[in-house]
2 protein chains.
Amino acid sequence: MLIGALVCAATSAFAVEPAPNGITLPEGYRQWQVLAVHQRSDNTTLRAVLGNDAAVKAVREGKTNPWPDGAVLGKLVWKGVKHDRWETALAPGDFVHAEFMVKDSARYPATGGWGFARWVGMAQKPYGTDANFVQECFNCHQPVKDRDFVFTHPAQLP
Amino acid sequence: MLIGALVCAATSAFAVEPAPNGITLPEGYRQWQVLAVHQRSDNTTLRAVLGNDAAVKAVREGKTNPWPDGAVLGKLVWKGVKHDRWETALAPGDFVHAEFMVKDSARYPATGGWGFARWVGMAQKPYGTDANFVQECFNCHQPVKDRDFVFTHPAQLP
Ligand code: HEC
Ligand code: HEC
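Here's what I pulled together on the structure shown here. The structure presented is a predicted model; accordingly, all values stated were derived computationally and were not measured.

### What to know about the site of ligand 2
Move 1: Taken together, the neighbourhood of ligand 2 is formed by 21 residues, with Arg47(B), Cys137(B), Cys140(B), His141(B) and Thr152(B) sitting nearest.
Move 2: Among the chains of the assembly, those with residues near ligand 2 are chains A and B.
Move 3: Arg40(B) places a side-chain nitrogen or oxygen 2.8 Å from an oxygen atom of ligand 2.
Move 4: Residue Lys75(B) places a side-chain N or O atom 3.1 Å away from an oxygen atom belonging to ligand 2.
Move 5: Going through the elements one at a time, strand 1 (33-40), strand 3 (72-82), strand 4 (89-103), strand 5 (114-120) and helix 2 (133-140) of chain B are the ones with two or more residues in the shell around ligand 2.
Move 6: Across the shell around ligand 2, the residue classes break down as 12 nonpolar, 3 polar and 6 charged.

Rendered as structure tokens:
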């Protein structure tokens, strides 16, 4: 089932808790530029990968290996549901989570210079019980170690 | 195959031709907020649906049936290709086209108040040989006539 839903204001009235490693929800991420769109067939999800201004600049200049300090990549994930009026279209259903990779090589040397953080669901509950949750993220990003731990190929755009 | 590519500057040095119905490529559309992400299984494509400020405001206020004059919806389409490092992920490959629906009820009464336009490929070639190309767009959007001809359900966002 599809749910038409509100895109909320950038500055929300209630505060979102920081992640267990101290990373706070990046402000204004809903307005960041889209760098790529992914679909995952294993869990039927749709994803938008977004970049803050520093990340977009890095992409434009081709300086993404490594990404510069200050670059933040965001990923918005939704369950994929069949569109109610178009048989062959998969559309966003329930919001799953928003997650981020914050490049700060001095601050996060143990995880490739990236700070990882995730907020789950519409309640934006921080993911992880303690700061070690980042091991799960970092482990999973090992297949792209040679690409500065980033899976996303910024999409072609004219 | 995946192609890492540049996200170009918002103001391009070369001019893009207007569509045969006179609509010009909306400025700064690459920076518009993402409203939804779609995947189409019939032609294996990935799509980002974006909205200009007026469209985002309309979504936030729940005023999308009809959408207000000034709202512009954009859609960026890429071929979907298997991600080179993650078996079950579909990622953006070749850029297919950017297309737009411009709400101006006085100007486009014959097509539900929407002006349609599409620019094809990285060359941004205007689609259509004459202004009648919009019939193809408008016909295909008939299944959502009762939703102001818009398929997209703006995605849930916290
Ligand atoms: C099961 C493996 C796996 C785990 C665990 C994982 N990731 Fe990822 N991540 C991926 C893959 C694969 C992609 C690219 C495809 C996609 O969109 O799913 C990705 C993409 C991302 C992106 C977009 C930038 C990029 O690298 O493409 C961010 C941001 C991100 N992950 C953050 C996180 C955070 C934060 C965590 C932990 C809280 C995490 N990831 C855990 C596999 C994983
Ligand atoms: C074959 C049917 C078909 C044709 C032809 C078609 N559209 Fe669409 N259009 C769709 C469907 C289905 C969606 C939503 C799912 C998706 O992303 O493909 C959509 C979505 C869109 C959107 C995003 C807003 C929305 O309604 O969801 C825009 C903008 C758009 N189309 C513009 C155009 C333009 C411009 C043309 C003609 C040059 C055109 N379309 C022709 C079927 C069509």
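Structure's up, so let's keep going.
### As for the coordination of the iron atom of ligand 2
Move 1: Within the protein, just one atom coordinates the iron atom of ligand 2: His141(B) (NE2), at a distance of 2.2 Å.
Move 2: Mapped onto the fold, His141(B) is located in the segment after helix 2.

### Things to note about the relation of the copies chain B and chain A
Move 1: The transform that puts chain B on chain A rotates by 180° and translates by 0.0 Å along the axis, for an RMSD of 0.0 Å. Both copies of the chain, as the preceding transformation shows, are related through a two-fold rotation axis.
Move 2: When the interface residues of chain B are mapped onto chain A, 100% of them are again interface residues, pointing to one common binding face.

### A short note on the pattern of salt bridges
Move 1: Counted under the stated rule, the structure contains 18 salt bridges over all chains.
Move 2: Here Asp84(A) ties to Arg147(B) by a salt bridge, and the two come within 3.0 Å at their closest N and O atoms. On the criterion of chain membership, the pair formed by Asp84(A) in the loop between strand 3 (72-83) and strand 4 (86-103) and Arg147(B) in the segment after helix 2 is interchain, its members lying in two chains.
Move 3: Since its relative accessible area comes to 42%, Asp84(A) is described here as partly exposed.
Move 4: The exposure class assigned to Arg147(B) is buried, which follows from its relative accessible area of 17%.
Move 5: With its nearest N and O atoms 2.7 Å apart, the salt bridge here joins Asp146(A) to Arg85(B).

### Here we look at the nonpolar core
Move 1: In terms of nonpolar packing, the biggest core is built from 84 residues, with Trp67(A) and Trp67(B) touching the most fellow members.
Move 2: Non-local contacts of Trp67(A), meaning those with residues more than four positions away in its chain, are made with Leu35(A), Ala55(A), Ala58(A), Val59(A), Leu73(A), Lys103(A), Trp114(A), Asp148(A), Val150(A) and Pro154(A).

### A look at the interface of chain B and chain A
Move 1: Counting from both sides, the interface comprises 58 residues of chain B and, opposite them, 58 residues of chain A.
Move 2: With both sides pooled, the region where chain B packs onto chain A buries about 5500 Å², and carbon together with sulfur makes up 60% of that total.
Move 3: Between the two partners, chain B and chain A, sit 4 salt bridges.
Move 4: Elements with a minimum of two residues in the side of chain B that touches chain A: strand 1, strand 2 (45-51), helix 1 (53-60), strand 3 and strand 4 of chain B.
Move 5: By residue number, the principal contributor to the side of chain B that touches chain A is strand 1 of chain B, which donates 8 residues.
Move 6: Counted by class, the side of chain B that touches chain A contains 33 nonpolar, 15 polar and 10 charged residues.
Move 7: Inspection of the sheet shows strand 4 of chain A paired to strand 1 of chain B by 2 bridges, in the antiparallel sense. When the sheet's bridge partners are listed, Ala89(A) is paired in strand 1 of chain B with Arg40(B).

Rules used throughout
Residues numbered from 1 in each chain as written. Chains lettered and ligands numbered in written order. Predicted model: local features only at pLDDT ≥ 70, side-chain atom pairs only at ≥ 80, totals over all residues. Heavy atoms only, no water. Near = heavy atom within 4 Å. Polar contact = N/O pair within 3.5 Å; in protein donor to acceptor, adjacent residues only side chain to side chain. Helix = DSSP H or I, 4+ residues; strand = E, 2+ residues; numbered from the N terminus. Nonpolar A, V, L, I, M, F, W, Y, C, P; charged D, E, K, R; others polar. Donors = N, O, S within 2.8 Å, 3.2 Å for Na, K, Ca; no water. Least-squares fit on C-alpha atoms with pLDDT ≥ 70 in both. Contact = heavy atoms within 4.5 Å. Salt bridge = Lys/Arg side-chain N within 4 Å of Asp/Glu carboxyl O. Buried < 20%, exposed > 50% of the residue type's maximum accessible area, 1.4 Å probe, protein only. Core = buried A, V, L, I, M, F, W, Y, C linked by side-chain atoms within 4.5 Å. Buried area = accessible area lost by both parts, 1.4 Å probe. Pairing = 2+ DSSP bridges.

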